[in-house]
Amino acid sequence: MIMAAYDDQNIFAKILRGEIPNSTVTENEHALAFRDIAPAAPTHVLVIPKGKYVTFRDFARDGSKEEHSAFISAVADVVEAEGLSEDGYRLIVNNGPNGRQEVPHIHMHVVGGRDVGPMLKRWNKDES
Ligand code: 5GP
């Protein structure tokens, strides 16, 4: 399996090594959830696996069942801890250039606490 090369100097790698502080919401053996530094809503938490995976596909293909399970559990823990179950929330994973991924360590955004608006504008195939 060809994986994107992992950059050990990316900001989330530094957070995982404790070199940069973070506001942790929850943590388990294989996943860490912490508040986004530039929140888009009252709740904006990033959930990351502790392993070195760049994209969702890398994590899906090369992560273990235990890592996958821990990651999904951490997302649910955030939803519950932040009280988002009733009113709803959005989960976002940006991947690569077209996905506008800024930090090359897979992360899921958990966004809620307000109506987060429409998802994406409708695609017009005549536009670039
Ligand atoms: P992406 O565009 O890669 O899906 O999202 C990256 C996210 O990481 C952005 O929402 C950005 O605000 C957040 N971010 C960037 N640097 C830091 C940081 O040093 N600490 C935290 N907590 N979040 C960060």
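The present account deals with the structure reproduced in this document.

What counts as what
- Residues numbered from 1 in each chain as written.
- Predicted model: local features only at pLDDT ≥ 70, side-chain atom pairs only at ≥ 80, totals over all residues.
- Heavy atoms only, no water.
- Helix = DSSP H or I, 4+ residues; strand = E, 2+ residues; numbered from the N terminus.
- Rg over C-alpha atoms; globule rule 2.2 N^0.38 Å.
- Buried < 20%, exposed > 50% of the residue type's maximum accessible area, 1.4 Å probe, protein only.
- Contact = heavy atoms within 4.5 Å.
- Areas by Shrake-Rupley, 256 points an atom, 1.4 Å probe, with all protein chains shown as cover.
- Lys, Arg positive; Asp, Glu negative; His and termini not counted.
- Charge placed at Lys NZ, Arg CZ, Asp CG, Glu CD.
- Near = heavy atom within 4 Å.
- Polar contact = N/O pair within 3.5 Å; in protein donor to acceptor, adjacent residues only side chain to side chain.
- Nonpolar A, V, L, I, M, F, W, Y, C, P; charged D, E, K, R; others polar.
- Phe/Tyr/Trp six-rings, centres within 6.5 Å; stacked < 30°, edge-to-face > 60°.

## Let's talk about the overall build of the protein chain
Here's step 1: When its secondary structure is counted, the protein chain shows three helices and five strands.
Here's step 2: Each helix (α) and strand (β) of the protein chain, taken in turn from the N terminus, gives the series α-β-β-β-α-α-β-β.
Here's step 3: Relative to the globule expectation of 14 Å for 128 residues, the C-alpha radius of gyration of the protein chain, 15 Å, shows essentially globular dimensions.
Here's step 4: With the principal axes as the frame, the protein chain shows a C-alpha extent of 40 × 40 × 30 Å.
Here's step 5: Scored against the burial criterion, the 128 residues of the protein chain give a buried share of 34%.
Here's step 6: Look at the contacts in the protein chain between residues 6 or more apart in sequence, and 56% of them connect residues 24 or more apart.
Here's step 7: Accessible area for the protein chain stands at about 8300 Å²; split by element, carbon and sulfur atoms hold 52% of it.
Here's step 8: When the 14 basic and 19 acidic side-chain charges of the protein chain are each reduced to a single mean position, those positions are 7 Å apart.

## So, the site of the ligand
Here's step 1: In the vicinity of the ligand there are 16 residues, among which D36, N94, E102, H107 and H109 approach most closely.
Here's step 2: Taking R35, its main chain carries an N or O atom lying 2.9 Å from a nitrogen atom of the ligand.
Here's step 3: At 2.8 Å from an oxygen atom of the ligand is found a side-chain nitrogen or oxygen belonging to H107.
Here's step 4: Out of a free accessible area of 520 Å², the ligand has 84% covered by protein chains.
Here's step 5: Of all the secondary structure elements, the ones that give two or more residues to the shell around the ligand are α1 (11–16) and β2 (31–35).
Here's step 6: Here the shell around the ligand gets three residues from one element, more than from any other, and that element is α1.
Here's step 7: The residue inventory of the shell around the ligand, partitioned by class, reads eight nonpolar, four polar and four charged.

## Focus on the packing of aromatic side chains
Here's step 1: Taken as a whole and assessed by the stated rule, the structure comprises three aromatic pairs.
Here's step 2: Ring geometry for Y53 versus F59: centroids 5.2 Å apart, planes at 55°, classification tilted. Comparing Y53 with F59, the two get one shared label, buried.
Here's step 3: A ring pair is formed by F59 and F71, whose centres lie 5.3 Å apart and whose planes are at 70°; its orientation type is edge-to-face. Of this pair, F59 sits in helix α2 (residues 56–62) while F71 is found in helix α3 (residues 65–81), placing the two residues twelve residues apart along the sequence. Of the two residues, F59 and F71, both sit in the buried class.

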